[in-house]
Amino acid sequence: MSETGEEPGAPIVAPERAQSRIAALIGAARLLWSPEAFDLILPLRHTAAGARQRAELITRRVRLIAGLFAILTLAWIVIDAYTIPWPYWGEIAIGRAIASLAFLVLAARPDLGRYQGGLWPHVAGVGEVLALIAVPLAFFLYTNGVLSISGYHGALAVSTAYFYLPFIVAVGLSIFPLTALEAAIPAALAIGAMFLAVTQWPQFLGGQSGVATVWRLVLIAGIAVLAGMSQLRFLLRLTEQATRDGLTHLLLRRVGAEMLESQFAYARRHDLPFALLFIDIDRFKSINDTYGHEAGDAVLRAAAAHLAGAFRQQDVLVRWGGEEFVVGLPGANQAQVEIALLRLAKLGIGLRPDGAPLTASIGVAERQADALDGLDALVEHADARMYEAKSAGRNRYVFKDGPKGWIGAPN
């Protein structure tokens, strides 16, 4: 025996566990203290591109797992038939058939929310995760009720097969890029199911402590929630890099055009207004020629920042090319567009390198006012009116029937 009372050569388990827990706590603190912490707790501020990518990823994984579970759930009937006497394995088989059917529904569910507007893209797929979690937990409680009646909780093979189901469910949460709040709900369902099981059917624990069992599940669920948040953070960063222009941090033309197409389709289907602005900075070439491209890049960055501050969060801002920007305003009619332009005029779009106000020419088109049935036609109308604003003297906007108005300090 050593002075510490331990056998020589015995593994030092406690310090290793303590270190792993400390590392997990440090990782969680860094995650929650990061600048994007709010986006890891609630999904409301995710960009449209990030929300869509997340929803598609969650949906694909739910369908894959649901399809696999549908097969395995039915296949396990053979094992039940060997380990549990009739008619109890038949009762469990009924529960398995119902659970398998529910999994098949999830696996074959059509994508109903791809072009939905409003809050839908930010929460799409979360309900499917809840369903994927709820089905096995309901089956877990049903099966333990049957096993309690049959007296087969004491059988080692049977107890092991059904004891770990809430743990498997909790671990499975880690593969979904969920926010803390979204992951906490299914995690609470798993913990609640286990708590109900250990209080109603303590015999299925095989002598283990119910409190320790629930506590282990809480720890596993907590780690799974953090893993999902880390995955979400990584996904949002990748999406940001893949969809944003490196200079202005506005959407790239390819990504922006796809989003505008989706929003235009939604507006057309629900007969809603949809406005589009085509913005071109006035005399930008002279900035590059006189002050250099670095000065021109600084002007573009400032202009993009001013545009982002002037429009709503749901508006789509795209760097269309060079010094051209396109802004999609879903649900905005002519009056609302002019309010947005007035706000932009008050904020301005920045300064030229010599300190003079930076100005732009803007063409405006709106789906209903211009009776347009496609996004390409909307862009073409706005582009043509932008050139009309240029020809009329720059530093103004042009709409269908409205006057040409100053949007900044006159040249």
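Residues numbered from 1 in each chain as written. Predicted model: local features only at pLDDT ≥ 70, side-chain atom pairs only at ≥ 80, totals over all residues. Heavy atoms only, no water.

1. Regarding the overall build of the protein chain
In terms of helices and strands, the protein chain carries 16 helices and six strands. Taking the contacts inside the protein chain whose residues are at least 6 apart along the sequence as the reference set, 72% of them involve residues at least 24 apart. With the model as given, the accessible surface of the protein chain reaches about 20600 Å², and the carbon-plus-sulfur share is 63%. (Helix = DSSP H or I, 4+ residues; strand = E, 2+ residues; numbered from the N terminus. Contact = heavy atoms within 4.5 Å. Areas by Shrake-Rupley, 256 points an atom, 1.4 Å probe, with all protein chains shown as cover.)

2. A look at empty space enclosed by the protein
Counted according to the given criterion, the structure contains one cavity of 30 Å³ or more. Space inside the largest cavity adds up to approximately 30 Å³. Taken together, Ile279, Ile281, Ala303, Leu307, Phe325, Ile349 and Ala360 make up the full set of residues lining the largest cavity. Within the residue set of the lining of the largest cavity, elements represented by two or more residues are strand E1 (274-281) and helix H14 (293-310). Among the residues forming the lining of the largest cavity, the class breakdown is seven nonpolar, no polar and no charged. (1 Å grid on protein atoms, 1.4 Å probe; cavity = no way out; pocket = protein on both sides within 12 Å on 5 of 7 lines; lining within 4 Å. Points joined across faces, edges and corners; volume = space filled by probe spheres on them. Nonpolar A, V, L, I, M, F, W, Y, C, P; charged D, E, K, R; others polar.)

3. Here we look at the side chain of Thr359
Checked against the element boundaries, Thr359 lands in the loop between helix H15 (334-347) and strand E4 (360-366). Of the residues examined, Thr359 reaches a relative accessible area of 6% and is grouped as buried. For Thr359, the side chain forms a polar contact with the side chain of Asp282, separated by 2.8 Å. (Buried < 20%, exposed > 50% of the residue type's maximum accessible area, 1.4 Å probe, protein only. Polar contact = N/O pair within 3.5 Å; in protein donor to acceptor, adjacent residues only side chain to side chain.)

4. Quick word on the nonpolar core
Across soluble globular proteins, nonpolar side chains have a tendency to be buried as a group. Val129, Leu132, Phe176 and Phe204 are the most contacted members of the largest nonpolar core, which totals 49 residues. Among the elements of the structure, helix H3 (48-75), helix H5 (88-108), helix H7 (126-150), helix H8 (156-163), helix H9 (165-172), helix H10 (180-200) and helix H11 (210-243) are those that each provide at least two residues to this core. The dominant element in this core, judged by the number of residues it contributes, is H7, at 10 residues. Excluding its chain neighbours within four sequence positions, the residues that come into contact with Leu132 are Val62, Ile65, Ala66, Phe103, Leu106 and Phe176. Formed by 31 residues, the second largest nonpolar core is a distinct cluster that contains Leu277, Ile281, Val327 and Val337. (Core = buried A, V, L, I, M, F, W, Y, C linked by side-chain atoms within 4.5 Å.)

5. Some remarks on the packing of aromatic side chains
What the rule picks out here adds up to four aromatic pairs. Between Trp86 and Trp89, the aromatic rings sit 5.2 Å apart at their centres with planes inclined by 65°, giving edge-to-face as the arrangement. Since its relative accessible area comes to 60%, Trp86 is described here as exposed. Overall, Trp89 belongs to the partly exposed group, its relative accessible area being 23%. (Phe/Tyr/Trp six-rings, centres within 6.5 Å; stacked < 30°, edge-to-face > 60°.)

6. With respect to the side chain of Arg319
Turning to its location among the elements, Arg319 is positioned in strand E2 (residues 316-321). In this structure the side chain of Arg319 is engaged in a polar contact, spanning 3.2 Å, whose partner is the side chain of Asp245.

7. Here's the deal with the pairing of E2
Within E2, five of the six residues are buried, which leaves it mostly tucked inside the rest of the structure. Where E2 and strand E3 (residues 324-330) come together, five bridges link them in antiparallel fashion. Its bridge partner being in E3, Gly321 is matched across the sheet by Glu324. If you look at the hairpin formed by E2 and E3, you'll find two residues sitting between the two strands, and Gly322 has a positive phi there, around 60°. (Pairing = 2+ DSSP bridges.)

8. Thoughts on the packing of H3 against H5
The geometry of H3 relative to H5 is characterised by a closest axis approach of 8 Å and an angle of 160° between their N-to-C directions. In terms of axis orientation, H3 runs roughly antiparallel to H5. Of the two possible hands of crossing, H3 and H5 adopt the one that is left-handed. From H3, Arg63, Ala66, Gly67, Phe69, Ala70, Thr73 and Leu74 reach across to H5, where they touch Arg96, Ala97, Ala99, Ser100, Phe103, Leu104, Leu106 and Ala107. (Axes fitted to C-alpha atoms, helices over the stretch in contact; angles between N-to-C directions. Parallel < 35°, antiparallel > 145°, perpendicular 65-115°, else oblique. Left-handed = near helix turned anticlockwise from the far one by under 90°.)

9. Side note on H5
Taking 1.5 Å per residue, 21 residues should reach 30 Å; H5 reaches 30 Å between its end C-alpha atoms and fits that length. Among all positions in H5, only Gly90, Ile92, Ala93, Gly95, Arg96, Ala99, Ser100, Phe103 and Leu106 are buried. (Expected span 1.5 Å × (residues − 1).)

10. Some words on the packing of H5 against H7
If you want to describe how two helices pack, look at the angle between their axes and the distance between the axes. The contact between H5 and H7 brings their axes to 10 Å, and the two run at 175°. Taken together, the axis directions place H5 and H7 in an arrangement best described as roughly antiparallel. Note on element contacts: H7 touches H5 through Glu128, Ala131, Leu132, Val135, Pro136, Phe139, Tyr142, Thr143, Val146, Leu147, Ile149 and Ser150, opposite Tyr88, Glu91, Ile92, Gly95, Arg96, Ala99, Ala102, Phe103 and Leu106. Here the residues of the contact of H5 with H7 sort into 15 nonpolar, three polar and three charged.

11. Digging into the environment of Ile65
As for its placement among the helices and strands, Ile65 is situated in helix H3. Of the residues examined, Ile65 reaches a relative accessible area of 18% and is grouped as buried. Residues Ile65 and Gly172, 107 residues apart in the sequence, show an inter-C-alpha distance of 9.6 Å. Leaving out residues up to four positions away in the same chain, Ile65 has contacts with Leu132, Ile175 and Phe176.

12. Some remarks on the pattern of salt bridges
Enumeration over the complete set of coordinates arrives at 12 salt bridges. Among the salt bridges present, the one from Glu182 reaches Arg54, with a minimum N-O distance of 2.7 Å. Pair noted here: Glu182 is in helix H10 and Arg54 is in helix H3, with a separation of 128 residues, a long-range link. Overall, the relative accessible area of 0% leaves Arg54 in the buried class. Through salt bridges with shared partners, a single ionic network connects Asp280, Asp282 and Lys390. (Salt bridge = Lys/Arg side-chain N within 4 Å of Asp/Glu carboxyl O.)

13. Let's talk about the confidence of the model for the protein chain
Chain-level statistics for the protein chain give a pLDDT mean of 84 and a share of 82% at 70 or above. When pLDDT is averaged over each helix and strand of the protein chain, the minimum, 55, is found for helix H1 (residues 13-33) and the maximum, 97, for E1. Counting interchain partners and residues more than four positions distant, the pLDDT-below-50 stretch residues 1-13 has three contacts. (pLDDT = per-residue confidence, 0-100.)

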